[in-house]
Amino acid sequence: MEDLFSQSPNDPAGRIAFLSKELDRHNRLYYTEAQPEISDAEYDVLFRELEDLEKAHPDLADPNSPTQRVGGEPLEGFQQRQHLIPMLSIDDVFKEEEVKLFFRRLQKNLNTERISLTVEPKIDGVAVTLIYRNGKLDYAATRGDGSRGDDVTANVRTIRSLPLTLGDTAPALLEIRGEVYMPNAEFAKLNEQRDEQGLPTFANPRNSTAGTLKQLDPKAVAERPLAVLAHGLGAHEGIKFDTEDDFHALLDRYEIPRNKPVWHVDTLDGVLKTIRELDQLRHDLPYQTDGAVIKVSSFAKRTTLGATSRAPRWAAAFKYPPEQKTTLLRDISVQVGRTGILTPVAELEPVPLSGTTVSRATLHNESFIQERDIRLDDTVLVHKAGEIIPEILSVDTTKRPSGSKPFSLHDHLGGKCPACSAPIELRKNAVKKDGEDYLVLTWWCGNFECPAQAVTRMKHFAQRKALDLDGLGESVAVKLVESAMARSPLDLFELTEETLADLLLEPAKLQSGEESKPRRFGEKKAAGLLSSLQKARTEQPLSKWIFAMGIPHVGESSSKELSRLHEQLTDLADSDTLKTIREITILESEQREISPRNKDNPPKDDEEKEERQAAFTQLKERIAALNDSLTSKKISPDVGPVASASVLAFFASEAGQHVLQRLTKLNINPRSDNYFPDPSSAGADAPFAGKTFVITGTLSGGRDDFKSLIEKNGGKVTGSVSKNTSYVLAGEGGGSKRDKAEKLGVEILDEEGLTKLLS
Ligand code: IVH
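All residue numbers refer to positions counted from 1 along the written sequence of the respective chain. Local features in this predicted model are restricted to residues of pLDDT 70 or higher, and side-chain atom pairs are both shown and tallied only at a pLDDT of 80 or more, whereas totals for entire chains, interfaces and linings draw on every residue. The side-chain numbers reported here are obtained from all heavy atoms of the structure, hydrogens and water having been left aside.

Peer 1: I tried to follow the sheet that holds strand 11 (residues 315-319) on my own but got confused; where do I start?
Peer 2: Whether parallel or antiparallel, the strands of a sheet pair through hydrogen bonds between backbone atoms. By the convention used here, strands pair only if DSSP detects at least 2 bridges between them. Numbering goes from the N terminus for both helices and strands, where a helix is a DSSP run of H or I of at least four residues and a strand is a run of E of at least two. Ordered by their spatial adjacency, five strands build an open sheet running 2-11-10-3-9, and the pairing between neighbours is mixed. Only two strands of the sheet have a single neighbouring strand rather than two, namely strand 2 (91-93) and strand 9 (263-265). For this sheet the average axis-to-axis angle between neighbouring strands, irrespective of direction, equals 30 degrees. Examined bridge by bridge, strand 3 (residues 117-123) and strand 10 (residues 289-296) share seven bridges and lie antiparallel to one another. Bridged to Ile123 within strand 10 is Thr289. Note on geometry: axes are lines fitted to C-alpha atoms, helical ones only across the stretch in contact, with angles between N-to-C directions running from 0 to 180 degrees.

Here you go:
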């Protein structure tokens, strides 16, 4: 490490070049060879130094710098790139008989018995072309229509295993064709996250890859680990190849990841044997495959064979049949995720599929079950999405037992969370899918103290935006829950320094690859956490506490707005404001329903029309009155009907009630630091009841403070002086309004006058 820091600080260009090269090397060691030499923290130090240098010397920043891997600025749209050589497709073959015909045709056209061929997996990803000029990635493009594609360079740069520079020995031009893919394990993780967020899942890794590459924000792409494998040669200058092996040797020299394994065969039998062998082995590859690509090895022979407008004559793709099996759905079990999402899982009669025995398949959510009308004891067709996730494709309704009933997850669970028995709730998440509005229905457990959610809730509770608890990250939360020291966030307030200091953490991974002894949390960290808990108890404002509760649809800004409207948690639980907001939406939908102009439900006759018109008018007046009662509060859209209903439901639930009781017991009562009392709530006997104020000029405490003081005492603050104004509160330099007040004979107060008036 020492020589890493030995460059002269007066040579930023040299230092930038050095750091870029080092970081590239460490990226390769980490992502390609899985043999890191330095720790993540050491990597971060180098990375940050490079970032800082590039910021200080923008003229020296290179688009292929390792810092660009985390994603650059969002794009407006994709530029088009004309391909140097058309990106053709491959002719598909489906039967061994067709492979034979392909081989015979090669023999005839090349006039030889034996033909040197390579066979390799066909990656089910998204085709890209990578143009390197003078050893630097110039651009990357998708296939598009074969002659023009989208420039996806910014997104491709985020693929860590792909070198962005090839060094000085690189040819003048090198076009590499390859496949971008999402590794199966990453695909599984992504879909799991999407289930938890109530988003529709991707059908297969190819779709998730295509969806990711289409994103205009490279930073979002960087968060989804894509990978790329080279499999073909495009345009090139300053280099010559005889065979596919020469090309592979070049890829290896420049450490461009390439597709493996590759078989070498020269007979038809050899091809057929390899195709069968690959079929056995392909399910263990980390990406989805759908075939075997057979290619003539010699580039000279490829030229002889040529291509049709669609595909070269020197290659064929043997497509494996999609693997699907029918089996019986015996039962449906339910898993409670870390965020309380209930995921139904089909318990299947075990069936061999794509290399393993499948006995369970995710059913994702309520919508998935409803759309396919999946029922207990159904005969179902299963496949594996991304080689690993067994999924039900469809139901064979002809085999459905008589008397079968649509499946209700709610009834199946008796309406209770399997982890904590709290009542479950249906969540509706409106999303866009293939450009259309789509509703994802998910069952959810909202219990703040549900054990299945303990770690997630604790992490949420502790984050800076919430109660900012020192040293409480994921790993500590896991250990607290595992050791039963804290089962819910509020348990944290009962921890003592002694017990907390003794908490055993996961052993650390040492440089040697061995593990350290389990580490103690220790006195120092324990004291730090306890002091931030004390701060949370006494100083953190209501808004942070509201956010920390993790109430659905209540984010940071909703929490702030809620704390402006309420003084303490118990006020939220019984809030007239929130009830009014909730009621307005209910009445509005009722109003739409009974409207005599409702096309879906028109009145039968004139009598009904009249009746409905009368009811409609009544509702309209009621809604207007409710809206009026809210106007003075100027509630921001952050607290709309959805958030309001969610807050009320949370505090009305058994779990929410329990939270309030626990807080009382713990003597915790967070107060709002931006409470803006309802002016109309001050009684008629309030000191300023019925009085109207205008504030002008500069006041010592700021106008807002005086405004809320006046309103707290029942007064109203308006913007302009009229004969109805009771007082003008004037500070330094309150020019025209003061003049007008004098003219109209309105009493003018200074700060002292106002205080006197109050007392
Ligand atoms: S070689 C002229 N090798 O499949 C095309 N292609 O269906 C020669 N593909 O456009 C391509 N894995 O994007 C080749 N191992 C592999 C491949 C592969 C996937 C893609 C490629 C091609 C498409 C044709």
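Peer 1: Would you mind going over the packing of aromatic side chains with me for this structure?
Peer 2: Centre-to-centre distance and the angle between the planes together describe a pair of aromatic rings. Stacked, tilted and edge-to-face are the three classes assigned to paired rings of Phe, Tyr and Trp, where Trp is represented by its six-membered ring and a pair needs centres within 6.5 Å; plane angles under 30 degrees give stacked, over 60 edge-to-face, the rest tilted. Applying the stated criterion across every chain, the model contains 12 aromatic pairs. Taken together, a centroid distance of 5.9 Å and an interplanar angle of 85 degrees make the contact between Phe241 and Phe247 edge-to-face. When accessible area is computed with a 1.4 Å probe and restricted to protein chains, residues below 20% of their type maximum are described as buried, those above 50% as exposed, and intermediate ones as partly exposed. Look at Phe247 and you get buried, because its relative accessible area is 0%. Joined through ring pairs, the aromatic side chains of Phe448, Phe461, Phe493 and Trp545 make up one cluster. In this analysis the charged atom, NZ for Lys or CZ for Arg, is taken to sit over a ring once it is within 6 Å of the ring centre and within 35 degrees of the ring normal. Between the NZ or CZ atom of Arg81 and the centre of the ring of Tyr139, over which it lies, the distance is 3.9 Å.

Peer 1: For this particular structure, what's the right way to read the site of the ligand?
Peer 2: Taken together, 15 residues lie around the ligand, and Glu120, Pro121, Ile123, Arg143 and Glu179 are the ones closest in. Here a nitrogen atom of the ligand and a side-chain polar atom of Glu120 are 2.6 Å apart. Whenever a nitrogen or oxygen atom comes within 3.5 Å of another N or O atom, the pair is scored as a polar contact, on the condition that within protein one atom can donate a hydrogen and the other can accept it, and that pairs from neighbouring residues in sequence are kept only if both atoms are in side chains. At 3.0 Å from a nitrogen atom of the ligand is found a main-chain nitrogen or oxygen belonging to Pro121. Computed with the Shrake-Rupley method and a 1.4 Å probe, the accessible areas treat only the protein chains shown as cover for residues. For the ligand, whose free accessible area comes to 520 Å², the fraction covered by protein is 87%. Mapped by element, the contributors of at least two residues to the shell around the ligand are strand 3 and strand 10. Counting residues per element, the shell around the ligand draws most heavily on strand 3, at four residues. Amino acids are sorted into nonpolar (Ala, Val, Leu, Ile, Met, Phe, Trp, Tyr, Cys and Pro), charged (Asp, Glu, Lys and Arg) and polar (every other residue, Gly among them). Counted by class, the shell around the ligand contains seven nonpolar, three polar and five charged residues. Only a single heavy atom is needed: when it lies within 4 Å of a molecule or strand, its residue is near that molecule or strand.

Peer 1: Any chance you could explain the environment of Glu514 here in plain terms?
Peer 2: When you line up the elements, Glu514 lands in the loop between strand 19 (504-505) and strand 20 (519-520). Classification of Glu514 as exposed rests on a relative accessible area of 53%. With residues near it in sequence (within four places) discarded, Glu514 still touches Ala508 and Lys509. Whether two residues are in contact is decided by their heavy atoms: any pair within 4.5 Å suffices.

Peer 1: Teacher, can you tell me more about empty space enclosed by the protein here?
Peer 2: If a probe the size of a water molecule is rolled over the atoms, the empty space left behind becomes visible. With a 1 Å grid spanning the protein atoms alone, the term cavity applies to any set of points in which a 1.4 Å probe fits but cannot get out, the term pocket to an open set with protein on both sides within 12 Å along at least five of seven lines, and the term lining residue to any residue with an atom within 4 Å of a point. Grid points are joined across faces, edges and corners, and a volume is the space filled by probe spheres set on the points. Under the criterion given, the structure shown has one cavity of 30 Å³ or more. Roughly 30 Å³ of internal volume is contained in the largest cavity. Taken together, Phe102, Arg105, Leu106, Asn109, Leu305 and Arg313 make up the lining of the largest cavity. If you tally residues by element for the lining of the largest cavity, the top one is helix 3 (residues 96-110), at four residues. Looking at side-chain class alone, the lining of the largest cavity contains three nonpolar, one polar and two charged residues.

Peer 1: Would you mind showing me how to read the packing of helix 22 (residues 641-652) against helix 23 (residues 654-665) here?
Peer 2: What describes two packed helices is the angle between their axes and the distance between those same axes. Following both chains from N to C, one finds helix 22 and helix 23 inclined at 70 degrees, their axes separated by 4 Å at the closest point. Looking at the two axes, helix 22 sits roughly perpendicular to helix 23. Note on element contacts: helix 23 touches helix 22 through Glu654, Gly656, Gln657 and Leu660, opposite Phe650, Phe651 and Ala652. Class assignment of the residues belonging to the contact of helix 22 with helix 23 gives a composition of four nonpolar, two polar and one charged. In this scheme, roughly parallel covers angles under 35 degrees and roughly antiparallel covers those over 145, while 65 to 115 is roughly perpendicular and the rest are oblique.

Peer 1: I would appreciate a short explanation of unusual backbone geometry in the present structure.
Peer 2: Peptide bonds are trans in most cases, and residues, glycine excluded, mostly fall at negative phi. Cis rather than trans, the peptide bond between Lys260 and Pro261 has omega equal to -5 degrees. With respect to the helices and strands, the residue Pro261 is situated in the loop between helix 8 (244-253) and strand 9. Phi is positive for Asp377, which is not a glycine, with a value near 65 degrees. The exposure class assigned to Asp377 is partly exposed, which follows from its relative accessible area of 41%. A positive phi is found at Lys634, a non-glycine position, where the angle reads about 45 degrees. Looking at the element boundaries, Lys634 is found in the loop between helix 21 (606-631) and helix 22.

Peer 1: In this structure, what is going on with the pairing of strand 8 (residues 227-237)? I would like to understand it.
Peer 2: Side-chain positions along a regular strand alternate between the two faces of the sheet. Most of strand 8 is tucked away, with eight of its 11 residues classed as buried. Sheet analysis places strand 7 (residues 173-181) next to strand 8, joined by eight bridges and oriented antiparallel. Looking across to strand 8, one finds that Gly178 is bridged to Ala230.

Peer 1: Sorry, what's going on with the pairing of strand 15 (residues 379-385) here?
Peer 2: With six of seven residues buried, strand 15 is to be regarded as a mostly interior element. When strand 12 (residues 324-336) meets strand 15, the two strands line up antiparallel, connected through five bridges. When the bridges of strand 15 are listed, Leu328 appears paired with Thr379. Sheet analysis places strand 15 next to strand 16 (residues 389-395), joined by six bridges and oriented antiparallel. Across the sheet, residue Val380 finds its bridge partner in strand 16, namely Val395. What sits between the antiparallel neighbours strand 15 and strand 16 is a turn of three residues, in which Gly386 has the positive phi angle 65 degrees.

Peer 1: Sorry if this is basic, but what is going on with helix 5 (residues 184-196) here?
Peer 2: Working note: α-helix, 3.6 residues per turn, so residues spaced by three or four point in the same direction. Here the expected span of a helix is defined as 1.5 Å times the quantity of residues minus one. Look at helix 5: 19 Å from first C-alpha to last across 13 residues, which is about the 18 Å you get at 1.5 Å a residue. Those residues of helix 5 lying buried are Asn184, Phe187, Ala188, Leu190, Asn191, Arg194 and Asp195. Viewed along the axis of helix 5, the buried residues span an arc of 165 degrees, placing them on a single side of the element. Turned more than 90 degrees off the buried face of helix 5, the exposed positions are Ala185 and Glu192. On the buried face of helix 5, the contacting elements are helix 6 (205-213), strand 14 (356-362), strand 15 and strand 16. At the C-terminal side of helix 5, Gly198 shows a positive phi close to 65 degrees. What the arc measures is the spread of directions leading from the helix axis to the C-beta atoms.

Peer 1: How do you make sense of the pattern of salt bridges when you look at a structure like this?
Peer 2: Between side chains of opposite charge, a pair can form as their charged atoms come close. A carboxyl oxygen of Asp or Glu within 4 Å of a side-chain nitrogen of Lys or Arg is what we treat as a salt bridge. Using the criterion set out here, one finds 43 salt bridges in the structure. The residue Glu120 makes a salt bridge to Lys295 at a minimum N-O spacing of 3.4 Å. Taken together, the positions of Glu120 in strand 3 and Lys295 in strand 10 put the pair 175 residues apart, joining distant regions of the chain. Here Glu120 matches Lys295 in class, with each residue buried. Close ionic contact of Arg258 with Asp252 constitutes a salt bridge, the shortest N to O distance being 2.9 Å. Using a relative accessible area of 17% as the deciding quantity, one classes Arg258 as buried.

Peer 1: Any chance you could explain the environment of Ser161 here in plain terms?
Peer 2: By secondary structure assignment, the location of Ser161 is in the loop between helix 4 (153-156) and strand 7. According to the relative accessible area criterion, Ser161 is buried, its value standing at 15%. For the pair Ser161 and Glu255, spaced 94 residues apart in sequence, the C-alpha to C-alpha distance is 8.9 Å. With sequence-adjacent residues up to four places away left out, Ser161 is seen in contact with Tyr31, Thr32, Glu255 and Pro257.

Peer 1: For this particular structure, what's the right way to read the confidence of the model for the chain?
Peer 2: Parts of the prediction with low pLDDT should not have their coordinates interpreted in detail. Confidence scores here are pLDDT values: one per residue, from the predictor, ranging 0 to 100. Considering every residue of the chain, the mean pLDDT works out to 90; 97% of them sit at 70 or more. Taken together, the stretch residues 1-6 has pLDDT below 50 and engages in 10 contacts with residues farther than four places along the chain or on a different chain.

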